[in-house]
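So the chains spell out like this:
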Number of protein chains: 2
Amino acid sequence: MASTERDPEHRGGGDATTPDRIRDAAVDRFGRDGFGAGLRAVAADAGVTAGLVVHHFGSKDGLRKACDAHVLSIVRTEKTKVLTDGSALTLLTQLAGAERFAPTVRYLVRSLQAGGALAAALVDQMIADADAYLAAGVAAGVVRPSRDPAARARYLAHQNVGAMLLWFGLHPPAADHAAFREQFRRYVDQVTAPALELFAQGLLVDRSMLDDYLMYVPDPPTEGPAAAAAH
Amino acid sequence: MASTERDPEHRGGGDATTPDRIRDAAVDRFGRDGFGAGLRAVAADAGVTAGLVVHHFGSKDGLRKACDAHVLSIVRTEKTKVLTDGSALTLLTQLAGAERFAPTVRYLVRSLQAGGALAAALVDQMIADADAYLAAGVAAGVVRPSRDPAARARYLAHQNVGAMLLWFGLHPPAADHAAFREQFRRYVDQVTAPALELFAQGLLVDRSMLDDYLMYVPDPPTEGPAAAAAH
DNA sequence: GCAGCGATTGAACGAGTGTTTAATCTGATG
DNA sequence: CATCAGATTAAACACTCGTTCAATCGCTGC
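Bear in mind the structure is a predicted one, so any value in this text is a computation, not a measurement.

Enquirer: Any chance you could break down the overall build of chain A for me, citing the residues and the numbers?
Expert: Helix and strand counts for chain A stand at 10 helices and zero strands. Each helix (α) and strand (β) of chain A, taken in turn from the N terminus, gives the series α-α-α-α-α-α-α-α-α-α. Taking all 231 residues of chain A together, 43% fall into the buried category. Look at the contacts in chain A between residues 6 or more apart in sequence, and 60% of them connect residues 24 or more apart.

Next comes the structure, spelled out in C-alpha cells:
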C-alpha cells in the first residue's frame with residue numbers, strides 16, 4: 001500500500017491483469033510459506049481482498065491448480081528455450097539462477113515436497129529426461145551401460161530431487177528471493193563434487209556386493225526388445 | 001469407544017499410563033496425517049479429551065516434543081540392540097520391518113519431511129554413521145577412498161534420506177501399518193539394485209568430468225591433519 | 001442520462017483450531 | 001467419614017480458515 005504501485009498502468013513491468021497478479025502473488029506466497037498459507041495473505045500480497053480471489057478462481061484449490069498450470073507451462077517453455085542436457089533438474093538449477101524465476105522454482109520445490117499431481121508430473125518428466133540423457137551418453141560412450149536403464153534413471157532422479165528437498169527442509173532460506181537463490185547455489189556447490197566423484201569412480205572397489213545381490217534376486221528386468229508391456 | 005479397551009488394566013499388552021497412551025496415539029496420528037492433525041483427533045485415538053492432552057503435555061508443541069524425544073530414544077536404544085552397519089538408514093529399514101515399530105518409523109519419516117530439530121539431529125547422526133562406516137570400508141579395502149570423505153558421507157546420507165522422503169510423498173501409503181511397511185519394502189526393493197550398480201561401477205567411463213570440475217574449482221577440502229578449524 | 005454488468009469490497013457465517021476454565025469424578029490419606 | 005489432590009470432562013473462548021452474500025464501484029452500450 002505504501003509503495004508506488006497504485007496505478008495499474010504504471011507499475012514496474014506490468015499492466016498484468018488482476019487474475020494474473022493474484023496468481024503470481026499466490027505462487028510467491030505458497031512458495032515461501034507452503035500451501036497452508038491463507039487466502040487473505042495471498043490477497044493482501046496482490047493488493048485485493050480474499051473474496052475477489054475466490055471470485056476469479058472459484059476456490060483455494062482452483063487457485064492452486066492455476067498456479068500449478070502456470071509454473072508447469074513456464075518449465076515447459078523454458079526447457080525448449082534454454083539448451084541444457086534435457087534434465088529437468090539441471091533446468092531447475094538454471095532457472096534458480098535467474099532472478100525473476102526464483103518464485104517459480106521455490107513453488108516447484110514446495111510442490112515436490114507436498115506431493116500431488118504436479119509433483120508426480122515433474123518427477124515423471126525428470127525421469128524421462130534422465131533416461132534419454134543417459135541413453136545418449138551410453139551411445140556416445142561416456143556413460144557406462146546399465147543392467148536396467150529405466151531403474152537407473154528413476155533412481156538417479158529420485159535421489160537428486162529428494163536430496164534437494166531434504167536440504168531445503170533442513171536449511172530453509174529466508175523469505176526474500178536472493179536468500180533462496182543463494183541457498184540453492186550453496187546446495188549445488190556442496191553436491192557437485194561428491195556426485196561427480198561417485199559418478200566417476202563409484203563407491204566400491206569390486207562388484208562382489210552387486211553380484212551377490214543379483215544372485216539373490218535373480219530377475220532380469222525384461223530388457224528384451226518386445227517384453228516391455230509387463231506393467 | 002466400541003472396542004474392548006475400556007478397562008485400563010486388561011488392554012492387550014498394556015497397563016501403560018495415560019500420558020504414555022496419549023503419546024503413542026500422537027505418534028501414530030502425526031505419522032499418518034502429519035503434524036497438522038488436531039489435538040481432538042489424537043485425544044479421541046487415545047480415548048480421552050483434548051483438555052486432558054494439554055493438561056499432561058502443556059500444549060501441542062509440548063506433546064510433539066515428547067513424541068520427538070520418545071522416537072529418538074527408541075532409535076538410539078534399538079541401534080545398540082540391533083547389529084547393523086551403523087547406518088541410521090539401515091536401522092530405519094530394519095525397524096520398518098518390525099510390526100510394532102511401524103508407527104515410529106512413520107513418525108520419523110514425517111518428521112524428516114517437516115524439518116525441525118529432530119530431523120536435523122537424525123540427519124546429523126546418519127551422516128556421522130555413514131562417515132564412520134565408509135572410513136571402515138576404506139580401511140578394509142572394500143570402499144574406494146574419497147577426495148573429501150566428509151562431503152561424500154553427507155552427500156550419500158542426504159541422497160538416501162531425501163529419495164525416501166520423495167518416494168513417500170509421491171506414493172503415500174494407506175493408513176494401516178501393514179500398508180506402510182509394504183510401501184517401505186517396495187521402495188527398498190526398487191532402490192537396491194540401481195544403488196549397488198552405481199556403487200560398484202560408477203556412472204561415467206572416465207574421470208574427465210570430475211577432473212575438469214576440480215580444475216575449475218581447485219580448492220582442496222582442507223584434508224590436512226591440522227586445518228579442520230576453518231568452519 | 002441511465003440501465004446493466006462484471007469487478008471489487010467488507011462483513012458475515014460455519015467449521016475448524018489450540019487453549020482456558022470451572023466442574024465433576026476418583027482414589028488415597030488423615 | 002471427611003478432606004484434599006490429581007485425573008478427567010464438557011463447555012466456552014478467541015482465533016483463523018475457506019467460503020458466501022449483499023452492496024458498492026466503475027465502466028460500457030444504448
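Now that the structure has been shown, the text picks up again.
Enquirer: Go over the protein's contact with DNA strand C with me, naming the residues and quoting the values.
Expert: Lining the immediate surroundings of DNA strand C are 16 residues, of which Thr 49 and His 55 of chain A together with Leu 39, Arg 40 and Lys 60 of chain B lie closest. Among the atoms of DNA strand C close to the protein, meaning within 4 Å, 61% are from sugar or phosphate groups. Within the side chain of Thr 18 of chain A, a nitrogen or oxygen atom sits 3.3 Å from a phosphate oxygen of DNA strand C. Among the secondary structure elements, those contributing two or more residues to the surface near DNA strand C are helix 3 (50-57) of chain A together with helix 2 (39-46) of chain B. Looking at the surface near DNA strand C, the element that brings in the most residues is helix 3 of chain A, giving four residues. Partitioning the surface near DNA strand C into residue classes produces five nonpolar, eight polar and three charged.

Enquirer: Residues and numbers for helix 3 (residues 50-57) of chain B, please.
Expert: All names here are of chain B. Looking only at helix 3, the buried set comprises Ala 50, Val 53 and Phe 57. The arc that holds every buried residue of helix 3, seen down its axis, measures 55 degrees, which confines them to one face. On its buried face, helix 3 sits against helix 1 (18-33), helix 2 and helix 4 (60-81). A positive backbone phi angle near 85 degrees is found at Gly 58, which sits one or two residues after helix 3.

Enquirer: Please provide a residue-by-residue account of the confidence of the model for chain A, values included.
Expert: Residues and elements named next belong to chain A. Looking at chain A, the pLDDT average stands at 88 and 86% of residues meet or exceed 70. Taken as a whole, residues 1-14 scores under 50 in pLDDT and shows five contacts with residues more than four places along the chain or in a different chain. Across residues 226-231, confidence stays below pLDDT 50; counting only partners more than four residues off in sequence or on other chains, it has one contact. Both scores are available for the predicted complex, with the pTM at 0.88 and the ipTM at 0.88.

Enquirer: Describe the protein's contact with DNA strand D, and please don't skip the residues or the numbers.
Expert: Looking at DNA strand D, there are 16 residues lining it, with Leu 39, Arg 40 and Lys 60 of chain A together with Thr 49 and His 55 of chain B nearest. What you see for DNA strand D is that sugar and phosphate hold 55% of its atoms within 4 Å of the protein. Arg 40 of chain A places a polar side-chain atom, nitrogen or oxygen, 2.7 Å from a base oxygen of DNA strand D. Note that a phosphate oxygen of DNA strand D is positioned 2.5 Å from one of the side-chain N or O atoms of Lys 60 of chain A. Contributing elements (two or more residues each) for the surface near DNA strand D: helix 2 (39-46) of chain A together with helix 3 of chain B. Considering each element in turn, the surface near DNA strand D owes the most residues, four residues, to helix 3 of chain B. Of the residues contributing to the surface near DNA strand D, the split by class is five nonpolar, eight polar and three charged.

Enquirer: Any chance you could break down the packing of aromatic side chains for me, citing the residues and the numbers?
Expert: Following the criterion strictly, the structure yields 12 aromatic pairs over all chains and no others. Summarising the aromatic geometry, the rings of Phe 35 of chain A and Tyr 107 of chain A are spaced 5.5 Å apart at their centres and angled 85 degrees between planes, so their arrangement reads as edge-to-face. Remark: Tyr 107 of chain A occurs in helix 6 (residues 102-114) and Phe 35 of chain A occurs in the loop between helix 1 (18-33) and helix 2; sequence separation between them is 72 residues. In this pair, the class of Phe 35 of chain A matches that of Tyr 107 of chain A, namely buried. For the ring pair Phe 168 of chain B and Phe 184 of chain B, a centre distance of 5.8 Å and an interplane angle of 40 degrees mean the geometry is tilted. Within this pair, whereas Phe 168 of chain B is found in helix 8 (residues 149-170), its partner Phe 184 of chain B is found in helix 9 (residues 177-201), the two being separated by 16 residues in sequence. A residue is classified by how much of its surface remains accessible, and Phe 168 of chain B, at 7% relative accessible area, is buried. Taking the relative accessible area as the measure of exposure, Phe 184 of chain B reaches 3% and is therefore buried. Here the aromatic residues Phe 30, Phe 35 and Tyr 107 of chain A are joined through ring pairs into a cluster of three or more.

Rules of the game
- Residues numbered from 1 in each chain as written.
- Chains lettered and ligands numbered in written order.
- Predicted model: local features only at pLDDT ≥ 70, side-chain atom pairs only at ≥ 80, totals over all residues.
- Heavy atoms only, no water.
- Helix = DSSP H or I, 4+ residues; strand = E, 2+ residues; numbered from the N terminus.
- Buried < 20%, exposed > 50% of the residue type's maximum accessible area, 1.4 Å probe, protein only.
- Contact = heavy atoms within 4.5 Å.
- Near = heavy atom within 4 Å.
- Polar contact = N/O pair within 3.5 Å; in protein donor to acceptor, adjacent residues only side chain to side chain.
- Nonpolar A, V, L, I, M, F, W, Y, C, P; charged D, E, K, R; others polar.
- Arc of directions from axis to C-beta.
- pLDDT = per-residue confidence, 0-100.
- Phe/Tyr/Trp six-rings, centres within 6.5 Å; stacked < 30°, edge-to-face > 60°.

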